[in-house]
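# Structural overview for review
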Amino acid sequence: GKLIKDTDVVIVNYRPDVAENLGIDYKTLSGMNPKLIYCDNTAFGRKGPQSHRPGYDLIVQGLTGLMALEGKSLKGVPVMNALPSADISTGIMIAWSVSAALFHREKTGKGQKIETTLLGSALAIQTSSFPARSDRNAIHAPSGDQAGCESTAGPEVRGVATPSLSVTKRSP
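Rules used in this analysis
Residues numbered from 1 in each chain as written. Predicted model: local features only at pLDDT ≥ 70, side-chain atom pairs only at ≥ 80, totals over all residues. Heavy atoms only, no water. Core = buried A, V, L, I, M, F, W, Y, C linked by side-chain atoms within 4.5 Å. Buried < 20%, exposed > 50% of the residue type's maximum accessible area, 1.4 Å probe, protein only. Helix = DSSP H or I, 4+ residues; strand = E, 2+ residues; numbered from the N terminus. Axes fitted to C-alpha atoms, helices over the stretch in contact; angles between N-to-C directions. Parallel < 35°, antiparallel > 145°, perpendicular 65-115°, else oblique. Contact = heavy atoms within 4.5 Å. Nonpolar A, V, L, I, M, F, W, Y, C, P; charged D, E, K, R; others polar. Pairing = 2+ DSSP bridges. pLDDT = per-residue confidence, 0-100.

## A few points about the nonpolar core
The biggest cluster of nonpolar side chains holds 11 residues, and these are A43, F44, V60, L66, L69, A86, M93, L118, A122, A124 and I125. The leading source of residues in this core is helix α6 (residues 118–124), at 3 residues.

Next up, the structure:
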């Protein structure tokens, strides 16, 4: 509890039920520090048939088709990309979302919860390649503007993103 009172940002990366079970969910921590920026990343979201499942880059690459974008295969089965594309894009999108939330807090004095998903960021970085996938043997690289982060009309930021519990302490 002592650390949270002076903390700017908390990032968690668990299934939806884990943070609450550990007592580090948004409701608990924001009760100790209303100015807290809390980023809750999951693999597949907080609701829906896959929400309870853990996930990581390789799984999401396969589920979203990201793995097939490079066109590499072993006996006709797509193989993992050289870079953990879903993890990297998710981290970048968390950074954008947290930056926007910190800016909002500077203007309003209020913290907020950010919800992100590994699945969402993997889909966001390849959106322009979906229409071009009619030829399964072609390699289509993503292009165009794909922010993957949506600012809502209210005081919350929704993004798509990754990490495990990490805490950033406010500078004096």
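There's plenty left to go through after this.
## Points about the packing of helix α4 (residues 57–64) against helix α5 (residues 85–108)
Running from N to C, α4 and α5 cross one another at 100°; their axes reach a closest spacing of 7 Å. Between α4 and α5, the angle is such that the two are roughly perpendicular. Taking contact as the criterion, the partners of D57, V60 and Q61 in α4 are, on α5, S85, A86 and D87. Its residues placed into classes, the contact of α4 with α5 shows 2 nonpolar, 2 polar and 2 charged.

## What about the environment of V98?
Mapped onto the elements, V98 comes out in helix α5. A residue is classified by how much of its surface remains accessible, and V98, at 10% relative accessible area, is buried. Residues V98 and K113, spaced 15 residues apart in sequence, show a C-alpha to C-alpha distance of 9.5 Å. For V98, the contacting residues outside a window of four places in its chain are V9, C39 and I114.

## Thoughts on the environment of V10
Its place among the elements puts V10 in strand β1 (residues 7–13). The spatial distance from the C-alpha of V10 to the C-alpha of L36 is 7.5 Å, given a sequence separation of 26 residues.

## A few points about the pairing of strand β2 (residues 37–42)
Across the 6 residues that make up β2, a large majority, 6, are buried. Burial along β2 is two-sided: I37, C39 and N41 facing one way and Y38, D40 and T42 facing the other are all buried. One ladder, built from 6 bridges, connects β2 with strand β5 (residues 112–117); its direction is parallel. Counted as the bridge partner of C39 is I114 from β5.

## Details of the pairing of β1
Counting buried residues along β1, 6 of its 7 residues qualify, which places the element largely inside the surrounding structure. Note: β1 against β2, 5 bridges, orientation parallel. Residue pairing in the sheet places V12 in a bridge with D40 of β2.

## A closer look at the confidence of the model for the protein
The share of residues in the protein with pLDDT of 70 or more is 74%, and the mean pLDDT across the chain is 79. Across residues 133–172, confidence stays below pLDDT 50; counting only partners more than four residues off in sequence or on other chains, it has 111 contacts.

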